[in-house]
Amino acid sequence: MVQLKRLLLLFLTVVLFYSCKTTPPKQAVRNDFFQRVAVLLETDDFDGALALFDALPEAEAALPEVKVAKSSILLSAGKVSAARAVVEDLIKQDAGNIEARYVLSVVESRQKKLRQQRIVLEDIVKESPNYVPALNDLGRISIENSKNLKKAASYYDAALNADPANEDSIIGRARVYKLAKKYDEAIGVLTKGIQLRPRSASMYNERGRIYRTIGNLDEAMADMNEAVKFDPNDYWFSYDRALALLAQNQKKEALEEFKRASSIDPSIFIAYVYTAGISDELGFDDEAIKNYKKIISIKPDYYFGFEGLGVQSLKKGDYAQAADSFLQAWGKAPSEINYALLSAYCRLKAAKGSKEGRNAIKPFLNEAIKQVKRDSIDYYVLRLYAEGAGDSDVALRVEKEPNTIAKFRAVFYLACYYDTTGIPTLSQKYAEDFREFNRRDLIEYRINDFLHPVSSGVASKN
C-alpha cells in the first residue's frame, strides 16, 4: 500500500506540474480538485478524498486520470472490489493505460490472484520497460514467491537504471544483496541512495537493520535514530529502533521505545510481546500483566500471552487467574502438557488442598493423560496430580529417567505437589534439586525462583 500511495501522490504531482498557469478554466478547476485530494491523502483521509470524487460532475468523473486516482484511493481504503470495477471499466475504454493496468495488478494481489498479478505486470514491462512500479513489484514477487534472487536483482537493476533515486528500487536491491549475504554491497546501495535522498527515513531504517544483522550496533543505532527523526510516526521505524536498543542491552530505553511504537499503532501485537517480556524481566509486574492482557486481546491464539499472564498471576498469588490462564495456554498448545500441570497446581492452591479442588482438576488432567505415552514420566506425574497419590512412584521413576528435561520437570512438579499437600521440607528439597538443573529457558525455572526461594543457609549454585 505504501508504494501505491506514493505512486498516487506522484501521479497527482505530475498532473499538476504539466498544467501551466494559463490553463483553461476547466483545467484550473481540475487542478484545484487534485490538490485537495493530495492534501487529504497525506493524512490518510481516504473517505474524505472519495467524497470529493462523488461530488464531481459526470464528465469530470469519467476522465482517465480521475478514474485512476479514484481506483487507487478505493484500494488504499480497502474497497478492493469497487477499485476493480472502476479500473476495469477504464481499461475497456483504453487498454494502453499503464497506470490503470498497474492499479489492476495491485487489485489482483489484494485478492490473492498472484498469477494474474504477475501476468499484468509482465505485460506492462514488455510495453513500457522503464515503468518502475511494475519492475519493483516483479522484483518483490521474485523474492517472495519464487525465491529467485537473480531474477529479482535484474528487475531492481532495471528499475534503478530508469530512476536511480527511486526509494523502493534502492531498498529492494539492498534486500536482494542482504538475502545473498552480501552485506557490504547492500550497505553500499543504501549509502548511495541516502546521498541521493538524504531525508529518506526508509533507507536509513533499512541500512540500520543490516548493520544490526552484522553486529555493527553503533552504526545501526545511528541509522535508526535518523529514521525516527525523519518519520517519528512510523510504527516499524520505532519498533526497529527499540530492537537496536535491546541489542545494545539498553533494556529500559528499549522498553520506552516499544511502548512508543504501540502508541503509534495500538492494533499491532508484536511490540506488546517485547514490552511484556522486558517488563517481566525488569520486575515491572503490573506493566507486564497489562501487556500480556493486551497481547491476548489482539491475538487470542498466541499462547505465550496466556503463559505470561499465568506466570505473573501466580507470582502475585492470584491462583484462580493463573489456573485459567495456564488452562487457556494449554488449549492453544495441547502438546505442552506442563501448562495442564501448572493449571492443576494453581487450582489446588486456590482450593487450599480441598477435595473440591482435586475434583475440579480431574476432567482436564484425564484428557491430558490420554495425550501422553503410558510409560512416560509425564503420565505418572499427571496421575499423581489427578489422584493425589503415587508420589513415591514418581520419585523412583525420576531416578531412572534418561531424558534430563523430563526428569527435572518431574522434580519441579514434585516440589509443587508437596507444596499443595503441606509438606514444606520435601517441597523445598525438590525445588532446590530443580534449581541445580539451571535451565533458565524453562518456564518452570522462573516460577521456581519465586515459589521456592533459596532457603536460609542454602547457597545457590547459579
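Up top is the structure these notes are about.
Rules behind the numbers
Residues numbered from 1 in each chain as written. Predicted model: local features only at pLDDT ≥ 70, side-chain atom pairs only at ≥ 80, totals over all residues. Heavy atoms only, no water. Helix = DSSP H or I, 4+ residues; strand = E, 2+ residues; numbered from the N terminus. Rg over C-alpha atoms; globule rule 2.2 N^0.38 Å. Buried < 20%, exposed > 50% of the residue type's maximum accessible area, 1.4 Å probe, protein only. Contact = heavy atoms within 4.5 Å. Areas by Shrake-Rupley, 256 points an atom, 1.4 Å probe, with all protein chains shown as cover. Lys, Arg positive; Asp, Glu negative; His and termini not counted. Charge placed at Lys NZ, Arg CZ, Asp CG, Glu CD. Axes fitted to C-alpha atoms, helices over the stretch in contact; angles between N-to-C directions. Parallel < 35°, antiparallel > 145°, perpendicular 65-115°, else oblique. Left-handed = near helix turned anticlockwise from the far one by under 90°. Nonpolar A, V, L, I, M, F, W, Y, C, P; charged D, E, K, R; others polar. Expected span 1.5 Å × (residues − 1). Polar contact = N/O pair within 3.5 Å; in protein donor to acceptor, adjacent residues only side chain to side chain. Phe/Tyr/Trp six-rings, centres within 6.5 Å; stacked < 30°, edge-to-face > 60°. Lys NZ or Arg CZ within 6 Å of the ring centre and 35° of its normal. Core = buried A, V, L, I, M, F, W, Y, C linked by side-chain atoms within 4.5 Å. Salt bridge = Lys/Arg side-chain N within 4 Å of Asp/Glu carboxyl O.

Secondary structure assignment for the protein chain yields 27 helices and zero strands. For the protein chain, whose C-alpha radius of gyration is 30 Å, the value lies well above the compact-globule estimate of 23 Å for 462 residues. Across its three principal directions, the C-alpha atoms of the protein chain cover 95 × 45 × 35 Å. Every one of the 462 residues in the protein chain was classed for burial, and the buried ones make up 47%. Expressed as a percentage of contacts within the protein chain between residues at least 6 apart in sequence, the contacts between residues at least 24 apart total 50%. Accessible surface computed for the protein chain: about 22,700 Å², of which carbon and sulfur atoms make up 52%. For the protein chain, the separation between the mean place of its 66 positive charges and that of its 63 negative charges on side chains is 2 Å.

So, about the packing of helix α3 (residues 46–54) against helix α5 (residues 64–76). Helix-helix packing: each pair is described by the crossing angle between the helix axes and the interaxial distance. The contact between α3 and α5 brings their axes to 10 Å, and the two run at 150°. In terms of orientation, α3 and α5 fall into the roughly antiparallel class. The hand of the α3/α5 crossing is left-handed. Every residue of α5 that contacts α3 at Phe 46, Ala 49, Leu 50, Phe 53 and Asp 54 is listed here: Val 66, Ala 69, Lys 70, Ile 73, Leu 74 and Ser 76. For the contact of α3 with α5, the residue count by class is eight nonpolar, one polar and two charged.

Bringing helix α17 (residues 270–282) into the picture now. In this model α17 runs 19 Å from its N-terminal to its C-terminal C-alpha over 13 residues, within 8% of the 18 Å that 1.5 Å per residue would give. Tucked into the core, α17 has its buried residues touching α15 (235–247), α16 (251–264), α18 (285–298), α19 (303–315) and α27 (443–451). Trailing α17 by a residue or two, Gly 283 shows a phi angle of about 85°, which is positive.

Counting through the fold element by element, Asn 338 comes out in helix α21 (residues 337–350). There is a polar contact of 3.2 Å between the side chain of Asn 338 and the side chain of Glu 444. Dropping the residues within four chain positions of it, Asn 338 is found in contact with Arg 409, Tyr 413, Ile 443 and Glu 444.

What characterises a pair of aromatic rings is the spacing of the ring centres plus the angle enclosed by the ring planes. This model, assessed by the stated rule, comprises 21 aromatic pairs. An angle of 10° between the planes, with centres 6.4 Å apart, marks the rings of Tyr 235 and Tyr 239 as stacked. Of the two residues, Tyr 235 and Tyr 239 are both situated in helix α15; the distance of four residues between them amounts to about one turn of the helix. Residue Tyr 235 is classed as buried on the basis of its relative accessible area, which comes to 5%. These aromatic residues form a ring-pair network of at least three members: Tyr 385, Phe 412, Tyr 413, Tyr 417, Tyr 418, Tyr 430 and Phe 434. Residue placement shows Lys 299 over the ring face of Phe 269; its charged tip is 5.1 Å from the ring centre. Lying across the ring of Tyr 380, Arg 397 places its NZ or CZ 3.6 Å from the centre.

Counting 63 residues, the largest nonpolar core has Phe 326, Leu 365, Val 381, Leu 382, Tyr 385, Leu 414 and Ile 447 as the members making the most contacts within it. Residues within four places of Tyr 385 in sequence aside, it is in contact with Leu 341, Ala 344, Tyr 345, Leu 348, Arg 358, Ile 361, Leu 365, Tyr 413, Cys 416 and Tyr 417. Residues Val 68, Ile 98, Tyr 131 and Leu 135 belong to the second largest nonpolar core, which totals 41 residues.

Time to look at the environment of Lys 251. Looking at where Lys 251 falls in the secondary structure, it is placed in helix α16. Overall, the relative accessible area of 24% leaves Lys 251 in the partly exposed class. C-alpha separation for the pair Lys 251 and Glu 281, spaced 30 residues apart in sequence, amounts to 9.4 Å. Setting aside residues up to four positions removed in sequence, Lys 251 forms contacts with Leu 246, Ile 278, Glu 281 and Leu 282.

A positive phi is found at Lys 181, a non-glycine position, where the angle reads about 65°. Looking at where Lys 181 falls in the secondary structure, it is placed in the loop between α11 (167–179) and α12 (183–196). Positive phi outside glycine occurs at Asn 249, with the angle close to 65°. Along the chain, Asn 249 falls in the loop between α15 and α16.

If you walk through the whole model with that rule in mind, you get 35 salt bridges. Across the pair Asp 223 and Arg 207 runs a salt bridge, and its minimum N-O distance is 2.7 Å. On the criterion of sequence distance, the pair formed by Asp 223 in helix α14 (residues 217–230) and Arg 207 in helix α13 (residues 201–213) is long-range, its members being 16 residues apart. The class of Arg 207 is buried, set by a relative accessible area of 13%. Ionic contacts of the salt-bridge type, sharing partners, join the residues Arg 175, Glu 206, Arg 209, Arg 212 and Asp 240 into one network.

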